[in-house]
Amino acid sequence: MQKFLMEKGFIFPTAEIYGGMAGFFDYGPLGTEIKRAVKELWWKTWVSGRQDIIGMDGSIITNPKVWESSGHLDIFHDPLVECSNCRGRFRADSLLEKKVKGQLDGLSLEDYAKLIEEYKVKCPVCGGKLGAPKWFGLMFRTEVGSVNGNTAYLRPETAQLIFVNFNRIVKTSRATLPFGIATMGRVFRNEISPRNFVFRCREFEQMELEYFFNPKQDCPSGLLESVADLKVPVLTREIQEAGSKAVKMPINALVKKKHTSSWHAYWLGKSLEFVMSLGLAPAKLRLRQHLEQELSHYSKDTWDIEYRYSFGWKELAGIADRTDYDLQQHAKASGVDLSVATPEGGKLYPHVIEPSFGVDRLVFAVVEGAYQVEKLPDGKQRQVMKLPEAVAPVQVAVFPLVSKDGMPEVGREIYNILRKKLRTFYDDKGSVGRRYRRQDSVGTPFCITVDGQTLKDRTVTVRERDSMKQTRVKIAEVAGWLERRTGG
Ligand SMILES: [Zn+2]
């Protein structure tokens, strides 16, 4: 998949001419379009499409006190071990992952040391003895201004900017509980060992929502109903502790069986609904609740949406119950009251559910899940990406059959009409068969061909990617035809 993405120019290591840089990637024309489309769809679905959620845009570098109060400076770190022979540095939990069953998050340095001893873990490069594990801070540091020692950090998550700007946003938007504040943008984590292409990188984009509510009030049943029947395999804490297999259950069963709160279940459902709208197959999705020791310092309960990538089940999105931890921490440290008035009168610190998506790993899953090599009836094969129209980098391609007889002129005319509404591509090079295959391989759902008949009756063929069916449509009706097919 990595090779395919690089060859097609979707995503590649940054500054390849200098040998790249581990954990940093650049997006080419097609990858950029998919990424933009995923972000736009999220914003449309969750922010502009809802009355109860507003957006904000925070800065990457902020007052370092933010990270002190949030706990990131103290606790946002990974266990590092160094080889006493070759000086290679590795994540202790990654080295242990292959040997030890069960979750390795949340262990102490002593635990890691014990496990390394017990499982006789050696340096994966030279086989040398590993030193004692140490904590390695994941935040990138920088100096601000001309004065040395003015240390600041590149943000490791976007969420904190929502909490520290909470008062101003709530006042200016006159939001009343329950409501959400959403944001997206770049974040930075100095991973010890970035891996699996863009799955774990050092610079990436997040889309995060903080949904605030009165902890004494449940999610209204009307809201919960909208996602109640969504059904995927679920790994609750109990199921994992018993070593059992995932059990398929609908979202409302999570509430009925008291596996989680109603607000948490609602946002698990909405998050699932969103990733499914990107074309991710339900068979490759599951929900997994974090074990007690895995929980982040701010979280009471966290569930991951996991996706079965080619390299195994991995976290695609995390949906955390952060309680009122962040608002309380910032209120205490700043001395500013961050409580809100309730419609019933009185004030309270709202609790918050946080659905958090990594954009790059989502794009990776979307592309990996859509890619297929298909056998054709004539025995040949085709590479095809079955991307939903909403995120296809090219939504429609326009081809003149040959570059003469006035066909390019009509092709250009159609191209100029369609590109106002859709991501449109014009191609007049090579055989039509080859042009179709090129578009199949980058996921273009529709190709329009201008041919001899077009010049007689102003109709074109529209060829559909998945069925390869061809339909004759009048030029005057082609925009409307596509719009109906793509659901507007
Ligand atoms: Zn070594």
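Enquirer: Would you mind going over the pattern of salt bridges with me for this structure?
Expert: Oppositely charged side chains are able to pair whenever their charged atoms sit close together. Tallied over the entire structure, the rule returns 38 salt bridges. The partner of E97 in a salt bridge is R195, and the shortest N-O contact between them spans 3.9 Å. With E97 in helix α5 (residues 92–97) and R195 in the loop between β9 (179–188) and β10 (203–213), the pair connects residues that are 98 residues apart, well separated along the chain. We classify R195 as partly exposed; its relative accessible area is 26%. Among the salt bridges present, the one from R237 reaches D301, with a minimum N-O distance of 3.4 Å. Within this pair, whereas R237 is found in helix α10 (residues 237–241), its partner D301 is found in strand β14 (residues 301–309), the two being separated by 64 residues in sequence.

Enquirer: Before we go on, may I ask you to explain the packing of aromatic side chains in this structure?
Expert: Each aromatic ring pair is described using two quantities: the centre-to-centre distance and the angle formed by the ring planes. In the structure shown here, the tally under the stated rule is 30 aromatic pairs. A centroid spacing of 5.1 Å and a plane angle of 65 degrees characterise the contact between W46 and W267, whose relative ring orientation is edge-to-face. With W46 in helix α2 (residues 29–48) and W267 in helix α12 (residues 262–277), this residue pair connects regions lying 221 residues apart in the sequence. Taken individually, W46 and W267 each receive the classification buried, so the pair is uniform in this respect. Look at F274 and F357: their rings are 5.6 Å apart centre to centre, the planes differ by 75 degrees, and that puts the pair in the edge-to-face class. Here the residue F274 occupies a position in helix α12, and F357 occupies one in strand β18 (residues 351–358), the gap between them amounting to 83 residues. What makes F274 buried here is its relative accessible area of 2%. For F357, a relative accessible area of 1% gives the class buried. Counting every residue linked through ring pairs, the aromatic cluster contains W42, W43, W46, Y211, F213, W263, Y266, W267, F274 and F357. The ring of W313 has R286 lying over it, and the distance from NZ or CZ to the ring centre is 4.3 Å.

Enquirer: Any chance you could explain the pairing of strand β13 (residues 285–289) here in plain terms?
Expert: Across a regular strand the side chains alternate sides, sitting on one face of the sheet and then on the other. With five of its five residues buried, β13 lies for the most part within the structure. Burial along β13 is two-sided: L285, L287 and Q289 facing one way and R286 and R288 facing the other are all buried. Of the strand pairs in this sheet, strand β11 (residues 231–235) and β13 are connected by two bridges, and their pairing is parallel. In the strand pairing of β13, L235 is matched with R288. Examined bridge by bridge, β13 and β14 share five bridges and lie antiparallel to one another. If you follow L285 over to β14, its bridge partner there is Y307.

Enquirer: I would appreciate a short explanation of the sheet that holds strand β4 (residues 77–82) in the present structure.
Expert: Two modes of strand pairing occur in sheets, parallel and antiparallel, and in both the strands are linked by backbone hydrogen bonds. The sheet built from three strands is open, its strands ordered β5-β4-β6 with antiparallel pairing. Sheet topology places β5 (89–91) and β6 (134–137) at the edges, where each strand pairs with a single neighbour. Across the sheet, the mean angle from the axis of one strand to that of its neighbour is 50 degrees, orientation sign disregarded. The sheet contact formed by β4 and β5 spans three bridges and is antiparallel. For V81, the partnering residue across the bridge sits in β5 and is F90.

Enquirer: What exactly am I supposed to notice about the environment of E110 here?
Expert: Examined against the element boundaries, E110 turns out to sit in helix α6 (residues 109–118). With 44 residues separating them in the primary sequence, E110 and L154 have C-alpha atoms 30 Å apart.

Enquirer: How do you make sense of the coordination of the zinc ion when you look at a structure like this?
Expert: When four donors bind a metal tetrahedrally, each ideal donor-metal-donor angle is 109.5 degrees, and when six bind octahedrally, the ideal angles are 90 or 180 degrees. Around the zinc ion, the donor atoms from the protein are C83 (SG), C86 (SG), C123 (SG) and C126 (SG), and they sit 2.3 Å away. Metal-centred angles of 102 to 114 degrees between the four donor atoms at the zinc ion mark the site as tetrahedral. When the donor residues of the zinc ion are listed from N- to C-terminus, their spacing reads C-x2-C-x36-C-x2-C. Residue classification places C86 among the partly exposed residues on the basis of a relative accessible area of 36%.

Enquirer: Please explain the sheet that holds strand β23 (residues 446–450) as it appears in this structure.
Expert: The sheet built from five strands is open, its strands ordered β22-β21-β23-β24-β25 with mixed pairing. At either end of the open sheet lies a strand with only one pairing partner, and these are β22 (424–426) and β25 (470–474). Adjacent strand axes in the sheet meet at a mean angle of 25 degrees, parallel and antiparallel pairs treated alike. Here β23 runs beside strand β24 (residues 459–464); their pairing, made up of four bridges, is antiparallel. Within the sheet, the bridge partner assigned to T449 lies in β24 and is T461. Its contacts with the sheet place helix α16 (residues 432–442) against β21 (396–400), β22, β23, β24 and β25, and it is angled at close to 170 degrees to β21. On the sheet, helix α18 (residues 475–485) packs against β21, β23, β24 and β25 and is oriented at approximately 125 degrees with respect to β25.

What counts as what
Residues numbered from 1 in each chain as written. Predicted model: local features only at pLDDT ≥ 70, side-chain atom pairs only at ≥ 80, totals over all residues. Heavy atoms only, no water. Salt bridge = Lys/Arg side-chain N within 4 Å of Asp/Glu carboxyl O. Helix = DSSP H or I, 4+ residues; strand = E, 2+ residues; numbered from the N terminus. Buried < 20%, exposed > 50% of the residue type's maximum accessible area, 1.4 Å probe, protein only. Phe/Tyr/Trp six-rings, centres within 6.5 Å; stacked < 30°, edge-to-face > 60°. Lys NZ or Arg CZ within 6 Å of the ring centre and 35° of its normal. Pairing = 2+ DSSP bridges. Axes fitted to C-alpha atoms, helices over the stretch in contact; angles between N-to-C directions. Donors = N, O, S within 2.8 Å, 3.2 Å for Na, K, Ca; no water. Tetrahedral: all angles 85-135°; square planar, octahedral: opposite > 155°, others 65-115°. Contact = heavy atoms within 4.5 Å.

Without other data, these values stay purely geometric and don't point to any function.
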